[in-house]
Amino acid sequence: MAKDKKLLLVDGNSVAFRAFFALHNQLERFVNHNGLHTNAIYGFKLMLDKILGETDPANVLVAFDAGKVTFRTKKYDNYKGGRAKTPSELSEQFPYIKELLTAYGIKSYELADYEADDIIGTMAKEGEANGYEVTVVTGDRDLTQLTTDKTSVAVTIKGVTEIEKYTPAHVIEKYGLRPEQIIDMKGLTGDSSDNYPGVTKVGEKTALKLLKQYETIEGIYEHIDEMKKSKLKENLLADKEIAFMCKDLATIRTDAPLELTLADTKWDGAKREDLVAFFEEMDFKSFLAQLNKTSDAQNDEEAVSKLDVSELTADNLADLSYTEASDISFYLELANDNYHTADFWGFGLKIDDKFYAAKDVELLKQPKLRQLFEDEKYEIDVFDGKRTYAALNRLGITLNNINFDLLLVSYLLNTSDNSNDLGNLAHRHDYYDVKTDEEVYGKGAKRSLPAEDEVYFEHLAHKVKAISDLEDDLMVELKKNEQVELYLQIERPLSLVLAQMEIAGITVDRERLDIMQSEFKERLSELEQLIYQEAGEEFNINSPKQLGVILFEKLKLPVVKKTKTGYSTAVDVLEKLRGMSPIIDNILAYRQLAKLQSTYVEGLLKVISTDGKVHTRYTQTLTATGRLSSIDPNLQNIPVRLEEGRKIRQSFVPSYPDWEIFASDYSQIELRVLAHISGDPHMQAAFKEDSDIHASTAMKIFGLDDASEVTPNMRRQAKAVNFGIVYGISDFGLAQSIGSTRKQAKEFMQTYFASFPGVHQYMQDIIKTAREKGYVETLFHRRRYLPDIKSKNYNLRSFAERTAMNTPIQGSAADIIKVAMINMQTELKKAGLKAKMLLQVHDELIFEAPKEELETLKELVPKVMDSAVELAVPLKVESASGKTWFDTK
DNA sequence: ACGCTCACG
DNA sequence: ACGTACGTGAGCGTT
């Protein structure tokens, strides 16, 4: 089938420049095995794919500049003078961009004395004359002068693949000029990047006015005598020669003596082998994987391979043999995310090169399969060991020897991509022989088993195959990152500790919550009535939109802050309006109570299981810093700061009479971690002496000699400074938190850094490290990549810098408590205690225990926690116990 | 699905 | 001139 007559012309230099700078912040990530930078080549390829896909041209030509000397520089010495030299990281890539084009089967061309523009202009004319529809791709807006009804010009605007397409109508709309007038414009205004001057004192506005009246530069000078005497007229007359010369320089030639014709630009598509060879040379793994994927798709219409899967049944289970197996992968399929309650959908199993699947999970209880999981001599590879452990536990099966956990390992390799879907994660590792659950099961409420068992079993088989196939590569990566220990000693054992904590659950006193619910209900309706009275009408107090109308329009209170969508009614705003209207206090009280009622009282009641407990799920592979998070319910944000809310904790009780809740927390763990990694002697001394760290900071920054001179307000400000330091300080943020001016905040920071020079040094060093390596690490080599650290965008860059400062602190603290948890579980077992570890809230651990064990725990828990790691400063742990969680204070 | 608000460390 | 404190999850209202 003959293609449409379409000609694609690409300005090679300009697109390469755009690609290079678009990916400039990732320059060091794009280096191949020979040390060649490849970011421009990569970006060029992306752009090429996009434009080829959009236009599907029959003919393609990529034009390049031949060299510095052109007919333009001969006419005007300074043409393009003063331009920064092309960076060597880019110039080294040009030969390979031409190789890329060759692999694509695309002609590239350059011509002595001419620029790429002129080649394009000439070829565009020829294309038009031969009835072609022409598309020009460039990063240079000057080329829009070439637009006609047959030629459009696509200009890359942002990144590499975002383009703006110019037609004559679009040019007129955008510039107020016809395409052919662009050269007149440039003649008048000049071009600073190409370094030619134009007419003195004539800028865009004046030029537009002139061209509107006289059409062209020629037109202007034909009628110049009619113009009134003015500075402008004088300048025009004085610079007449310059104007014509500049117009000439700006004019793209359409008559360059090309040595090639339209026929030479015919494009028959890329040769796969050539592309493979080129991508291999460049280390473009994802492009290679894409090639494989598309070729597979072309071969058999399916993105994934066809596997031979046997359905396991009660009858054929006896035939299963694995005693000598060296490679076992298992995937348990559930109806939804909540593995504590979800229906079982089935499982997939890979034993060496054989694949099995079944819907009936009762089979797993049969000795034949049970043994596979429980006998420690079999190492099982899984995706999400915690989930698998907890779900098998519901079947009465203990998963005793997990080897490779694809989910955990992927997360450690890159804490920033945190999908929970096996297919998605596999794809991120350039492995495409498995579909995502969404593709097979559908999403949200529509999620369901495929109609045909064969389709389902194939998917299960591909999942276990992916686990098995990815193991070696990912473990090699872990090793390269020095993360094997983090995986084997921390994350993998922790996953099972967490599973046990989740399974244990914490008992909730339903009656207590019921009482609170009715009490809150009454108080809420009283407040509601008061608010309606004060507003003079009924409205939804929970709607920020409706509340905004009442406060700022009806009651005419001053607008303090706006959000994207309207007035802000957040607490800090309402605080400022206090005293202006009695409604504010009532709204604040209503808000506080409504939150407690809906999120905590009603929210918790909804998730109490039949055993009278709540079983949260800890997400171990979500946060960028290495912390855990808790969902369904979130037990890491139960109220504590306000007395009213704190009472929610009275509903968290032990599972047995005569047991108590026991809690231990690290005191100032993040600042201690900072004292350790920064090596700052003053900060370390403060912790070694076990002084009040905020007071001691206050003494430093206020220049006091004695702790008795520290006023509560000084301590409060010092505390805010310490927080700021941990968060990656900014004067703005600090000012906001202590309610000072930015200037004062800045002074605080400066005094702080002068007093704690080690901390200052650390902050500078860590940002430098992040820039050089592209990532930061915790004490145990947990990594977080920070690509934005090199961004030209101030906000993105600043954010990355604060993250670079904060992540090693927050992340190392997370590492430490994880180690403590693993050791804790071991110690509890070793000591034969009945006590159970139930919750982790970032720097605290919560247990339930028989009263008689409390004395033991009071010794044991702090000992285990403060000896989790050895730092340059001691770790301090504080403990308490009581009848309920509320009473552990 | 997304933004706002607010609960925690 | 810009516009930020770090890390989370849930409920609600609006789109």
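- Per an unreviewed UniProt entry, the recorded name for chain A is DNA polymerase I, and the organism is Ligilactobacillus apodemi DSM 16634 = JCM 16172.
- Quoted verbatim from the Catalytic activity (unreviewed entry) field of the UniProt record, the comment on chain A reads "DNA(n) + a 2'-deoxyribonucleoside 5'-triphosphate = DNA(n+1) + diphosphate".
- Quoted verbatim from the Sequence similarities (unreviewed entry) field of the UniProt record, the comment on chain A reads "Belongs to the DNA polymerase type-A family."

**Some points on the overall build of chain A**
And then number 1: Looking only at helices and strands, one finds 35 helices and 23 strands in chain A.
And then number 2: The principal-axis extent of the C-alpha atoms belonging to chain A is close to 105 × 80 × 60 Å.
And then number 3: A separation threshold of at least 6 residues defines the contact pool for chain A, and within that pool the share at least 24 residues apart is 67%.
And then number 4: Accessible surface computed for chain A: about 41700 Å², of which carbon and sulfur atoms make up 49%.
And then number 5: Charged side chains of chain A number 113 positive and 142 negative; the gap between the two group centres comes to 5 Å.

**Notes on the protein's contact with DNA strand B**
And then number 1: As a structural note, the neighbourhood of DNA strand B is formed by 22 residues, with Thr569, Arg591, Val640, Arg641 and Asp843 the closest of them.
And then number 2: Of all atoms in DNA strand B that approach within 4 Å of the protein, 77% are sugar or phosphate atoms.
And then number 3: At a separation of 2.7 Å, a base oxygen of DNA strand B approaches a polar side-chain atom of Lys595.
And then number 4: In the environment of DNA strand B, a sugar or linking oxygen lies 3.4 Å from a nitrogen or oxygen atom belonging to the side chain of Tyr600.
And then number 5: Taken together, the residues that form the surface near DNA strand B break down as seven nonpolar, eight polar and seven charged.

**What about helix H12 (residues 240-250)?**
And then number 1: For H12, the complete set of buried residues consists of Ala243, Cys246, Lys247, Leu249 and Ala250. The arc that holds the buried residues of H12, viewed along the axis, is 160 degrees, so those residues lie on one side.
And then number 2: The inward-facing, buried residues of H12 abut helix H3 (71-75), helix H8 (182-189) and helix H10 (217-222).

**Notes on unusual backbone geometry**
For residues besides glycine, phi is generally negative; the peptide bonds are generally trans as well.
And then number 1: With an omega of 5 degrees, the peptide bond between Asp632 and Pro633 qualifies as cis.
And then number 2: Topologically, Pro633 is positioned in the loop between strand E16 (629-631) and helix H26 (643-646).
And then number 3: Backbone geometry places Asp658, a non-glycine residue, at a positive phi of 65 degrees.
And then number 4: Summarising the element assignment, Asp658 is placed in the loop between strand E17 (652-653) and strand E18 (659-667).

**Observations concerning the pairing of strand E4 (residues 133-138)**
And then number 1: A large share of E4 lies buried, amounting to five of its six residues.
And then number 2: In terms of strand pairing, strand E1 (residues 6-11) meets E4 through five bridges, oriented parallel. Pairing of Val10 across the sheet is with Val137, part of E4.

**Some details on the nonpolar core**
And then number 1: Ranked by internal contacts, the top residues of the largest apolar core, which has 117 residues, are Leu551, Ile648, Phe652, Tyr666, Ile816 and Met837.
And then number 2: Counting residues per element, this core draws most heavily on helix H25 (residues 582-606), which supplies twelve residues.
And then number 3: Viewed by domain, this core spans two of them, domain 3 (309-439 + 447-468) and domain 4 (507-614 + 623-653), each represented by three or more residues.
And then number 4: Not counting residues within four places of it along the chain, the set of residues in contact with Tyr666 comprises Ile816, Ile817, Ala820, Asp843, Met865, Asp866, Ala868, Leu875, Lys876 and Val877.
And then number 5: Core analysis: the second largest hydrophobic core is formed by 41 residues, Ala675, Ala718, Ala745 and Ala770 among them.

**Looking at the packing of H8 against H12**
How two helices pack is summed up by the angle between their axes together with the distance between the axes.
And then number 1: Two elements in contact, H8 and H12, have axes whose closest approach is 7 Å; the angle formed by their N-to-C orientations is 135 degrees. Classed by the angle they form, the pair H8 and H12 counts as oblique. The element H8 and its partner H12 pack so that their crossing is right-handed. Within the contact between the two elements, H8 uses Ile183, Asp184, Lys186 and Gly187 and H12 uses Ala243, Cys246, Lys247 and Ala250.
And then number 2: Tallied by class, the residues present in the contact of H8 with H12 amount to four nonpolar, one polar and three charged.

**Examining the UniProt feature "domain: DNA-directed DNA polymerase family A palm" (unreviewed entry) in chain A**
And then number 1: In the numbering used here, UniProt assigns the "domain: DNA-directed DNA polymerase family A palm" (unreviewed entry) feature to residues 645-853.
And then number 2: Along residues 645-853 the backbone is 58% helical and 14% strand, and the end-to-end C-alpha distance reaches 30 Å.

Cut-offs applied
- Residues numbered from 1 in each chain as written.
- Chains lettered and ligands numbered in written order.
- Predicted model: local features only at pLDDT ≥ 70, side-chain atom pairs only at ≥ 80, totals over all residues.
- Heavy atoms only, no water.
- UniProt positions renumbered as here; feature names shortened; annotations may be inferred.
- Helix = DSSP H or I, 4+ residues; strand = E, 2+ residues; numbered from the N terminus.
- Contact = heavy atoms within 4.5 Å.
- Areas by Shrake-Rupley, 256 points an atom, 1.4 Å probe, with all protein chains shown as cover.
- Lys, Arg positive; Asp, Glu negative; His and termini not counted.
- Charge placed at Lys NZ, Arg CZ, Asp CG, Glu CD.
- Near = heavy atom within 4 Å.
- Polar contact = N/O pair within 3.5 Å; in protein donor to acceptor, adjacent residues only side chain to side chain.
- Nonpolar A, V, L, I, M, F, W, Y, C, P; charged D, E, K, R; others polar.
- Buried < 20%, exposed > 50% of the residue type's maximum accessible area, 1.4 Å probe, protein only.
- Arc of directions from axis to C-beta.
- Pairing = 2+ DSSP bridges.
- Core = buried A, V, L, I, M, F, W, Y, C linked by side-chain atoms within 4.5 Å.
- Domains from an automatic or database assignment.
- Axes fitted to C-alpha atoms, helices over the stretch in contact; angles between N-to-C directions.
- Parallel < 35°, antiparallel > 145°, perpendicular 65-115°, else oblique.
- Left-handed = near helix turned anticlockwise from the far one by under 90°.

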